[in-house]
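Chain by chain, the residues run as shown.
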Amino acid sequence: MTSGPQLEHPVALRIEPATADRFEDVATLLGPRRPDAAACWCLAYWTTSAENTALTGAQRPDRLRELCAGPVPPGLLAYRDGEPVGWCAVGPREEMGRLRRSRTIPVVDELPVWSVVCFVVAPGHRRTGVARALLAGAVDHAAVHGAPAVEGYPVDPAGGRISGSLAYVGTTAMFEATGFSRAVATSARSAGFTRWLVRRDLTGQPVGSSSP
């Protein structure tokens, strides 16, 4: 069952909100590959430091399931031929305590922006446009919920290469191709490269017009 407007994107992908009824698909992408392995479940931004540290491996999926059951899901899912192939964490910046507390990523103003903080793409589907389609979906998702702007904190590899495991924040090139502009270089790093605070204004943007 689809919640909210159906969003159309290239590369034969369908983008859907990560609601509780789709949690098994969320778990397919974010859960550990081995039952005894640890997984972050993309909770660091949505919980306090104390709660994030205290949550055990068994409790973490339950906590994310609670967030998915909330009024605004904490992320989006990408499907290809019915298979979940990508995840993007996005939501109001003011609800992400890790960003409010960050010493490396500044809060540039008090505008109630939404933030895109993480991408996960399934093996075999990387470099096929999944992350970019999710970013376009995140722009639409934020616009649907009345966000005045959306931010990201991608890495600028400066012509170098960055591994998929360290590119979970996205790249400046991908964000800029989706209509974002650089606001400020942060002191955060990923794989030794600078992360930028980038922003896209959503004022007056019609839903579904996420292409720049």
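Higher on the page you've got the structure.
Please read all numbers here as calculations on a predicted model, not as lab measurements.

1. Considerations on unusual backbone geometry
- Positive phi values are uncommon outside glycine, yet Trp41 reaches one of about 55 degrees.
- Of note, Trp41 is situated in the loop between helix H1 (23-30) and helix H2 (49-54).
- Even without a glycine there, the phi angle at Arg127 is positive, about 60 degrees.
- When you line up the elements, Arg127 lands in the loop between strand S5 (114-121) and helix H5 (130-144).

2. Examining helix H3 (residues 59-68)
- By the burial criterion, the buried members of H3 are Arg60, Pro61, Arg63, Leu64, Leu67 and Cys68. The arc enclosing the buried residues of H3, seen along the axis, measures out at 160 degrees, which places them on a common side.
- Residues of H3 that are buried make contact with H1 and H2.

3. A closer look at the pattern of salt bridges
- Applying the stated criterion across every chain, the model contains 10 salt bridges.
- The partner of Arg93 in a salt bridge is Glu151, with the nearest N and O atoms 3.4 Å apart. Taken together, the residues Arg93 in the loop between strand S4 (83-92) and helix H4 (97-101) and Glu151 in strand S6 (residues 149-152) connect sequence positions 58 residues apart. Like Glu151, Arg93 is buried.
- A salt bridge links Glu176 to Arg182; its shortest N-O distance comes to 2.6 Å.
- Relative accessible area serves as the criterion here: at 35%, Glu176 is assigned to the partly exposed category.
- Within this structure, Arg93, Asp109, Glu151 and Arg199 form a network of salt bridges that share partners.

Procedures and definitions
The numbering scheme is per chain: residues are counted from 1 as the chain's sequence reads. Only residues with pLDDT of at least 70 are given local features in this predicted model, and only at 80 or more are side-chain atom pairs given and counted; all residues enter the totals for whole chains, interfaces and linings. The basis for every side-chain value is the complete set of non-hydrogen atoms in the structure, without hydrogens or water. The numbering of helices and of strands both runs from the N terminus, where a helix is a DSSP run of H or I of at least 4 residues and a strand a run of E of at least 2. Exposure is judged per residue with a 1.4 Å probe applied to protein chains only, and the accessible area is read against the type maximum: over 50% gives exposed, under 20% gives buried, and values in between give partly exposed. Arc, as used here, means the arc of the directions from the helix axis to the C-beta atoms. What makes two residues a contact is simply this: any of their non-hydrogen atoms within 4.5 Å. A side-chain nitrogen of Lys or Arg and a carboxyl oxygen of Asp or Glu constitute a salt bridge if their distance falls within 4 Å.

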